[in-house]
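Coordinates in review
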Amino acid sequence: MQYHEAEFLLSGAQQSQWPSENLPEAVFAGRSNAGKSSLINALVNRKNLAYAGSTPGKTRLLNFYRIDQRMIFTDAPGYGYAKDNRSSAETFAKLMDPYFHHRANLKAMVLVADGRRKPNQDDILMCDYARQSHLAIIVVMTKCDKLSHSAMIANKRIIASELGISESQIFPCDSLKKQGTEELFARIEEVLLQ
Ligand code: GDP
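Here we summarise the structure given alongside this text. Since this is a predicted model, take the numbers as computed values, not measurements. (Residues numbered from 1 in each chain as written. Predicted model: local features only at pLDDT ≥ 70, side-chain atom pairs only at ≥ 80, totals over all residues. Heavy atoms only, no water.)

**A look at empty space enclosed by the protein**
It is the rolling of a water-molecule-sized probe over the atoms that shows where space remains empty. To be explicit about the condition: In this analysis a 1.4 Å probe is tested at points of a 1 Å grid over the protein atoms alone, and where it fits but cannot get out there is a cavity; an open set with protein on both sides within 12 Å along at least five of seven lines is a pocket; lining residues have an atom within 4 Å of a point. Grid points are joined across faces, edges and corners, and a volume is the space filled by probe spheres set on the points. Residues were grouped as follows: Ala, Val, Leu, Ile, Met, Phe, Trp, Tyr, Cys and Pro as nonpolar; Asp, Glu, Lys and Arg as charged; and all remaining residues, including Gly, as polar.
The final tally for this structure, using the stated rule, is one cavity of 30 Å³ or more. Approximately 90 Å³ is the volume attributed to the largest cavity. Forming the boundary of the largest cavity are Arg 31, Ser 32, Asn 33, Ala 34, Val 112, Ala 113, Asp 114, Arg 117, Lys 118, Pro 119 and Asp 123. Across the lining of the largest cavity, the residue classes break down as four nonpolar, two polar and five charged.

Written out as C-alpha cells, the structure reads:
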C-alpha cells in the first residue's frame, strides 16, 4: 500500500473561502450513503480524514484536502437523500454552480456511486455538469465486495450506458478491504498531473 500525505485545508462555501492553492483539483461527488467518505479515506489510507455524511456543520460545505502536496481533492456534500426536499436541492445547486463555473484548477469529477444500484437522475445530472465544465469524469462503483464478479461486470455496463460514458472510465472498488483503490488513485493522478 502506497503512502499518501493528506492534509485537510479548509471547509468553505463561497468563492472567497476556497483555498488559494493553484494545484490541479478533483471533486468527489455522489449520492448520500454511496460510500464517498469511506472511499476518500481508503484512497489516502486514513481512517477519518473525510467526515461521514452525518457530521453536523460539514455536510453543506465543500471540504478541501491537499494530497501529496501536488493535488487537491474536494469532498462535495452528498446529494439526493430520500428526505431531501426542493430547498435542499436548491442549496446544493447554489453551492456547486459557482464552484463548477469558477474553480479554474478543477480538472476532474470523481462520481461515487453504489456499484449495486442503477444511476439515478441526480447522478446523470452530475455527469452533465462535469461535461459542461469540461471535466474528466471518473466513476467509482463502491461496495463491489457485495457483488459477484459477473454482477459487477453487468452493472458496470448498465452504469456506463446510463451515464453515457465508456466502461474504461469506471473503477470498481471495495473501500473496506481497499480493493481497486490504488488503480483509482493512479488514474486520478494521471488525469490531474498529466
Ligand atoms: P457517504 O455518505 O457517501 O460518505 O457514505 P459512507 O462512506 O459514510 O458509507 C455509507 C455506508 O456504506 C457505511 O456504512 C460504510 O461503511 C458503507 N460502505 C462504504 N463503502 C463500502 C464498501 O466498499 N463496501 C462495503 N461493504 N460497505 C461500504
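**A few points about the packing of helix α1 (residues 36-43) against helix α5 (residues 181-193)**
Here is the rule we go by: Every angle, taken between N-to-C directions, lies between 0 and 180 degrees, and every axis is a line fitted to C-alpha atoms, over only the stretch in contact when it is a helix. Where helices and strands are cited, they refer to DSSP runs of H or I of at least four residues and of E of at least two residues respectively, numbered from the N terminus. Each angle gets one of four labels, with under 35 degrees taken as roughly parallel, over 145 as roughly antiparallel, 65 to 115 as roughly perpendicular, and the rest as oblique. Only heavy atoms matter for contacts: two residues are in contact if any of them lie within 4.5 Å across the pair.
The N-to-C vectors of α1 and α5 enclose an angle of 85 degrees; their axes lie 10 Å apart at closest approach. The angle between α1 and α5 falls in the class roughly perpendicular. Contacts between α1 and α5 pair Leu 39, Ala 42 and Leu 43 from the former with Thr 181, Leu 184, Phe 185 and Ile 188 from the latter. For the contact of α1 with α5, a count of residues per class yields six nonpolar, one polar and no charged.

**What to know about α1**
Stated precisely, the cut-off is as follows: Three exposure classes are used, based on accessible area relative to the maximum for each residue type with a 1.4 Å probe and protein chains only: buried under 20%, partly exposed in between, and exposed over 50%.
Burial runs high along α1: seven of the eight residues are buried. Among the residues of α1, Lys 36, Ser 37, Leu 39, Ile 40, Asn 41, Ala 42 and Leu 43 are the ones counted as buried. Those residues of α1 hidden inside the fold are in contact with β2 (25-30), β4 (71-75), β5 (106-114), β6 (136-142) and α5.

**Looking at helix α4 (residues 149-163)**
Filter applied, for reference: Expected span of a helix, by definition, is 1.5 Å for each gap between consecutive residues, and there is one gap fewer than residues. Taking the helix axis as origin, the arc is that swept by the directions to the C-beta atoms.
With 15 residues, α4 extends 21 Å between its outermost C-alpha atoms, agreeing within 8% with the 21 Å of an ideal straight helix rising 1.5 Å per residue. For α4, the complete set of buried residues consists of Met 152, Asn 155, Lys 156, Ile 159, Ala 160 and Leu 163. When α4 is viewed along its axis, its buried side chains cluster within an angular range of 140 degrees and face the same direction. Within α4, the exposed residues directed more than 90 degrees away from the buried face are Ser 150, Arg 157 and Ser 161. Buried residues along α4 sit against β5, α3 (121-132), β6 and β7 (170-172). Following α4 by one or two positions, Gly 164 adopts a phi angle in the positive range, close to 65 degrees.

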